[in-house]
Amino acid sequence: MPRLILFALPFLIANVLQHTYNTADAFIVEMIMGKDAFNGVVQSGKVSQVMVNFFLGLGVGAGVVIAQYFGAKDKGNLKKAVHNTIIIGVFSGIVLTGLGLLLSKYILTAINTHEDVFPYAKEYLDIYFAGVIFLVLYNMGAGILRAVGDTLTPLIFLGITAVVNIFLDYFMTRAYGVAGAAWATVIAEALSAFLVLLRLFLAKGDYRLRFRDFKISGAMVKKIFKLGLPTGLQNSIVAIAHLLMTYFINMFTLPVRTGTYHYQMLDGYIYIPFNSMSVSLSAFVGQNVGAGRYDRVKKGVKACLMISMGLTAVMGTMMFLFGRNLLTLFEGLDGSSGTEAVMSAADKELMTATSLKFMTVMVLSYPILVVTDTLAGALRGAGQAFVPAVVTVGAMCGFRIIFLFSVMPFKNDIVVVYLSYTTSWTLSAVALVIYYLRGRWRNKAIVARDEATHNAQ
């Protein structure tokens, strides 16, 4: 248990930093530009995640392959996996830029984006996708470092770029509006990509990057895609499900929409701890599966569940105690240069009340999601990414769509949207518990230990 905590802690802090400067971005945009601009930036983030999450899923798959080769002490294949991960990152970034610039306008239209919000969202997305390759390369590089046990270095780099992003965001948003906020994000991500790649080129281990070793290996790319493709599809479908939420949220008034998005920013601080444990568990399981230590895998899963439940309880309690105070900070952010009318006192109260409703549903439901995320992380680390992907597609997307389109015509209430999370998470948790307890995930490692032993010799 202590090792898993130490392994996950830097990643947890890194996610908190990432979410904090994303929250700061939205907070600054709302403070300077107003609530329409804030809604535009939030919705642009949901659109970008549909495409970005797919390619980041490939990075998760690559990280598990690297972790298993690292655990098996297979130096030759470790080197191939590391270099092909970066190659995939470069090509993914190029493809993602093209898709983003081509499709973002149509997706924004499809989710019923309000005309007052649309220009802000489109402007932010165009700039964001122009520099998205830096985000992909940072995550690929950071995934490599975490896979070999170095979780501290990505944390340091993220801390540096978080400060840079917040500093640039304030001044560039005041000067250039939403475009300034987007460019601040791109510059910070470019810096993070440069730092993590420099660290890999200067590394002394077998995972060191060398220009002469950048050779495409069809077999290695196939292994990475075998594990990363289901994860990428799962991540994208989850993002589509969130985008679907945006479609229904956009049916309501500005105070209700804004109140929902306000809590979503705070909600990340509850989700981050156990999600960080889940991602770290994947690397932990990957290393131990590669080494044939299934006893440690079971202990790791139990420890992750216990820790995550505890963290969720603490964070949920804190949100109930101080959530309203945090949410009221947003009430007066009408923007010094925004064009929309300033909200009335009644609208601000409705906005905060909506956030509190969302908070209540989510905080009480998160123990269910802890089970889903923990078991999904363990199965991905064991090389079984397909199962959690299918479960996610069926429950979190398929069932959620059916639920919303069936219930909303009869009960047009924002709480129905919130409850769709709870019901889909419950289905996912039940399915993954049954699969995990049946034990068919054992001996399904991507890396064959006899092959690894032969190559090491």
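Just so it is clear, the model here is predicted, and its values are computed rather than measured.

The rules behind each value
- Residues numbered from 1 in each chain as written.
- Predicted model: local features only at pLDDT ≥ 70, side-chain atom pairs only at ≥ 80, totals over all residues.
- Heavy atoms only, no water.
- Helix = DSSP H or I, 4+ residues; strand = E, 2+ residues; numbered from the N terminus.
- Rg over C-alpha atoms; globule rule 2.2 N^0.38 Å.
- Contact = heavy atoms within 4.5 Å.
- Areas by Shrake-Rupley, 256 points an atom, 1.4 Å probe, with all protein chains shown as cover.
- Lys, Arg positive; Asp, Glu negative; His and termini not counted.
- Charge placed at Lys NZ, Arg CZ, Asp CG, Glu CD.
- Buried < 20%, exposed > 50% of the residue type's maximum accessible area, 1.4 Å probe, protein only.
- Phe/Tyr/Trp six-rings, centres within 6.5 Å; stacked < 30°, edge-to-face > 60°.
- Axes fitted to C-alpha atoms, helices over the stretch in contact; angles between N-to-C directions.
- Parallel < 35°, antiparallel > 145°, perpendicular 65-115°, else oblique.
- Nonpolar A, V, L, I, M, F, W, Y, C, P; charged D, E, K, R; others polar.
- Salt bridge = Lys/Arg side-chain N within 4 Å of Asp/Glu carboxyl O.
- Core = buried A, V, L, I, M, F, W, Y, C linked by side-chain atoms within 4.5 Å.
- Expected span 1.5 Å × (residues − 1).
- Bend = angle between axes of the 7 residues up to and from the residue.
- pLDDT = per-residue confidence, 0-100.
- Left-handed = near helix turned anticlockwise from the far one by under 90°.
- Patch = residues over 30% accessible without salt bridge, like charges linked within 9 Å, V, L, I, M, F, W, Y side chains within 5 Å.

**Details of the overall build of the protein**
Piece 1. Each helix and strand in the protein was counted, giving 14 helices and 0 strands.
Piece 2. Expected size for 457 residues packed as a compact globule is a radius of gyration near 23 Å; at 22 Å, the protein falls within 12% of this value.
Piece 3. In terms of its C-alpha atoms, the protein occupies a principal-axis envelope of roughly 75 × 45 × 35 Å.
Piece 4. Restricting the contact set of the protein to residue pairs at least 6 apart, pairs at least 24 apart contribute 86%.
Piece 5. Element-wise, carbon and sulfur atoms account for 68% of the exposed surface of the protein, whose accessible area totals about 18500 Å².
Piece 6. Between the averaged position of the 37 positive side-chain charges in the protein and that of its 24 negative side-chain charges there is a distance of 16 Å.

**Here's the deal with the environment of glycine 61**
Piece 1. Locating glycine 61 in the fold gives a position in helix H2 (residues 35-71).
Piece 2. Classification of glycine 61 as buried rests on a relative accessible area of 1%.
Piece 3. For glycine 61 and threonine 185, which are 124 residues apart along the polypeptide, the C-alpha to C-alpha distance reads 26 Å.
Piece 4. The contact partners of glycine 61, leaving out residues within four places of it in the chain, are Ile224, Leu227 and Gly228.

**A short note on the packing of aromatic side chains**
Piece 1. In this structure the tally under the stated criterion is 16 aromatic pairs.
Piece 2. Three or more aromatic residues joined by ring pairs form one cluster here, namely Tyr263, Tyr271, Phe358, Tyr366, Tyr418, Tyr421 and Trp425.

**A closer look at the packing of helix H10 (residues 294-327) against helix H11 (residues 345-381)**
Piece 1. In the contact formed by H10 and H11, the axes pass within 9 Å of each other and the chain directions differ by 175 degrees. As far as their axial angle goes, H11 and H10 are roughly antiparallel.
Piece 2. Class assignment for the residues of the contact of H10 with H11 results in 17 nonpolar, 8 polar and 2 charged.

**Brief notes about the pattern of salt bridges**
Piece 1. With the rule as written, the count across this model stands at 4 salt bridges.
Piece 2. The shortest N-O distance in the salt bridge between arginine 199 and aspartate 150 comes to 3.3 Å. Here arginine 199, found in helix H7 (residues 178-201), pairs with aspartate 150, found in the loop between helix H5 (132-147) and helix H6 (152-176); they are 49 residues apart in sequence, far enough to count as distant.
Piece 3. Across the salt bridge formed by glutamate 349 and arginine 324, the nearest N and O atoms sit 3.3 Å from each other. In this pair, glutamate 349 sits in helix H11 while arginine 324 sits in helix H10, placing the two residues 25 residues apart along the sequence.
Piece 4. Among the residues examined, glutamate 349 registers a relative accessible area of 38% and is labelled partly exposed.

**Examining the nonpolar core**
The tendency in soluble globular proteins is for nonpolar side chains to be buried as a group.
Piece 1. Counting 69 residues, the largest nonpolar core has Ile66, Leu96 and Phe129 as the members making the most contacts within it.
Piece 2. Those elements giving two or more residues to this core turn out to be helix H1 (2-33), H2, helix H3 (75-110), helix H4 (118-130), H5, H6, H7 and helix H8 (218-249).
Piece 3. Residue contributions to this core peak at 15 residues, all from H2.
Piece 4. Setting aside anything within four residues of it in sequence, one finds phenylalanine 129 in contact with Ser48, Met51, Val52, Leu96, Thr97, Gly100, Leu101 and Ser104.
Piece 5. Grouped together as the second largest cluster of nonpolar side chains are 36 residues, Val42, Met319, Phe403 and Tyr421 included.

**Points about unusual backbone geometry**
Negative phi characterises most residues that are not glycine, and trans characterises most peptide bonds.
Piece 1. You will see that lysine 73, though not glycine, has its phi angle at about 60 degrees, which is positive.
Piece 2. Relative to the helices and strands, lysine 73 resides in the loop between H2 and H3.
Piece 3. Exposure remark for lysine 73: the relative accessible area of 65% places this residue in the exposed category.
Piece 4. In this structure, asparagine 112 takes a positive phi of about 65 degrees despite not being glycine.
Piece 5. Structurally, asparagine 112 can be placed in the loop between H3 and H4.
Piece 6. Residue classification places asparagine 112 among the partly exposed positions, given a relative accessible area of 37%.

**Side note on the environment of glycine 268**
Piece 1. One can find glycine 268 in helix H9 (residues 254-290).
Piece 2. Counting along the chain gives 249 residues from glycine 268 to histidine 19, while the straight-line C-alpha distance between them is 7.0 Å.

**A few points about H6**
Piece 1. Spanning 25 residues, H6 covers 35 Å between terminal C-alpha atoms, matching the ideal 36 Å at 1.5 Å per step.
Piece 2. Where H6 bends most, at aspartate 169, the angle is about 25 degrees.
Piece 3. Positive phi shows up at glycine 177, right after H6, with a value of about 70 degrees.

**Remarks on the confidence of the model for the protein**
Interpreting fine coordinate detail is not advised for predicted regions of low pLDDT.
Piece 1. Confidence along the protein averages 83 in pLDDT terms, with 91% of residues attaining 70 or more.
Piece 2. The element-level mean pLDDT for the protein is lowest in helix H14 (residues 449-456), coming to 43, with H7 highest at 93.
Piece 3. Segment residues 448-457 is flagged for pLDDT under 50; beyond a separation of four residues in sequence, or across chains, it makes 15 contacts in the model.

**Description of the packing of H2 against H11**
Piece 1. One way to put it is that H2 packs onto H11 with a least axis distance of 15 Å and a crossing angle of 15 degrees. When the axes of H2 and H11 are compared, the pair comes out roughly parallel. As H2 runs across H11, the sense of the crossing is right-handed. Contacts between H2 and H11 involve Lys35, Val60, Val64 and Gln68 from the former and Met351, Arg380 and Gly381 from the latter.
Piece 2. Here the residues of the contact of H2 with H11 sort into 3 nonpolar, 2 polar and 2 charged.

**A look at H2**
Piece 1. Glutamine 49 marks the point of greatest bend in H2, at about 40 degrees.
Piece 2. Lysine 73 lies just past H2 and shows a positive phi near 60 degrees.

**Notes on a nonpolar patch on the surface**
Piece 1. A cluster of nonpolar side chains, namely Val314, Met318, Leu321, Phe322, Leu326 and Leu329, defines an oily patch on the protein surface of about 560 Å² accessible area.
Piece 2. As for its placement among the helices and strands, leucine 329 is situated in the loop between H10 and H11.
Piece 3. The exposure class assigned to leucine 329 is exposed, which follows from its relative accessible area of 52%.

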